[in-house]
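# Examining the three-dimensional arrangement
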Amino acid sequence: GAYVLPKNYLQVENGVLFNNTAMLNNFMARYGYSKSGELRCAMDLGSINSDFTIMPVQLSVKQRLFNQSGALPLVTLIGYLNFGPIASSNASSNKIEGSLLLAFQHELNDDMAFEWNLGSQSFSNDLKFTLLYSCKLFNRTTMFIEYFSDFDKASKPVHNADMGILYAASQNINLDIGLGSTLDSSLRKA
């Protein structure tokens, strides 16, 4: 998303992702270093094909470029570095890979928002693209639906969708649950 933490705020996110071959704990720490930027560190670990796995550690920077003004959406630039050597042997590589994304968010009104982002890792062979719509259902409950895909010259595009509900349990705690799937039936069988 395009939202940037306020200056000197620290946010910790944790979640669990699972499917028929993996169960990963997703952890991210975010820190607002200025009024318009944040630093982030992410680490995923768990089981993939019954092997304990630590995925490459990821560092990222998020910088707001423009605030929403009329038809102009909130625009944020996000840069990622994935440290392949800092991972378990079944997920490591000798590479440190970077990627850039532009994230956009348009608040349609107090209850609805539309978000999208696009970016690349190689800047010549791939494109990552996401569309997300969110709508407040009740005072503290919001539903979301998302489409995301990876286009790569070397392989067939991968199209995915998910949906879920976010509940603001308190001012400092949000809980969410989502369900997603690839939209290509041949990939679901793998």
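### Considering the side chain of Asn82
- Structurally, the position occupied by Asn82 is in strand β6 (residues 74-83).
- Apart from residues lying up to four places away in sequence, Asn82 is in contact with Val57, Gln58, Lys95, Ile96 and Glu97.

### Thoughts on the nonpolar core
- Core analysis: the largest hydrophobic core is formed by six residues, namely Ala2, Leu74, Ile78, Tyr80, Leu101 and Ala103.
- For this core, the elements supplying multiple residues, two or more each, are β6 and β7 (96-107).
- No other element matches β6, which puts three residues into this core.
- Excluding its chain neighbours within four sequence positions, the residues that come into contact with Ala2 are Lys62, Leu74, Thr76, Ala103, Phe104, Gln105 and Glu115.

### Describing the packing of aromatic side chains
- Throughout the structure, instances matching the rule amount to two aromatic pairs.
- When the centroid spacing of 5.3 Å and the interplanar angle of 10° are considered together, the rings of Phe104 and Trp116 count as stacked. Note that Phe104 is positioned in strand β7 and Trp116 in strand β8 (residues 112-120), a separation of twelve residues in sequence.
- Judged by its relative accessible area of 23%, Trp116 is partly exposed.
- Seen from their ring centres, Phe114 and Trp116 are 5.3 Å apart, and the 35° between their planes marks the pair as tilted.

### Quick word on the pattern of salt bridges
- Inspection of every chain in the model, using the stated rule, returns three salt bridges.
- In this structure, Arg30 engages Glu13 in a salt bridge whose closest nitrogen and oxygen atoms are separated by 2.9 Å. With Arg30 in strand β2 (residues 22-32) and Glu13 in strand β1 (residues 10-18), this residue pair connects regions lying 17 residues apart in the sequence.
- The exposure class assigned to Glu13 is partly exposed, which follows from its relative accessible area of 30%.
- With its nearest N and O atoms 3.4 Å apart, the salt bridge here joins Asp150 to Lys128.

Procedures and definitions
- Residues numbered from 1 in each chain as written.
- Predicted model: local features only at pLDDT ≥ 70, side-chain atom pairs only at ≥ 80, totals over all residues.
- Heavy atoms only, no water.
- Helix = DSSP H or I, 4+ residues; strand = E, 2+ residues; numbered from the N terminus.
- Contact = heavy atoms within 4.5 Å.
- Core = buried A, V, L, I, M, F, W, Y, C linked by side-chain atoms within 4.5 Å.
- Buried < 20%, exposed > 50% of the residue type's maximum accessible area, 1.4 Å probe, protein only.
- Phe/Tyr/Trp six-rings, centres within 6.5 Å; stacked < 30°, edge-to-face > 60°.
- Salt bridge = Lys/Arg side-chain N within 4 Å of Asp/Glu carboxyl O.

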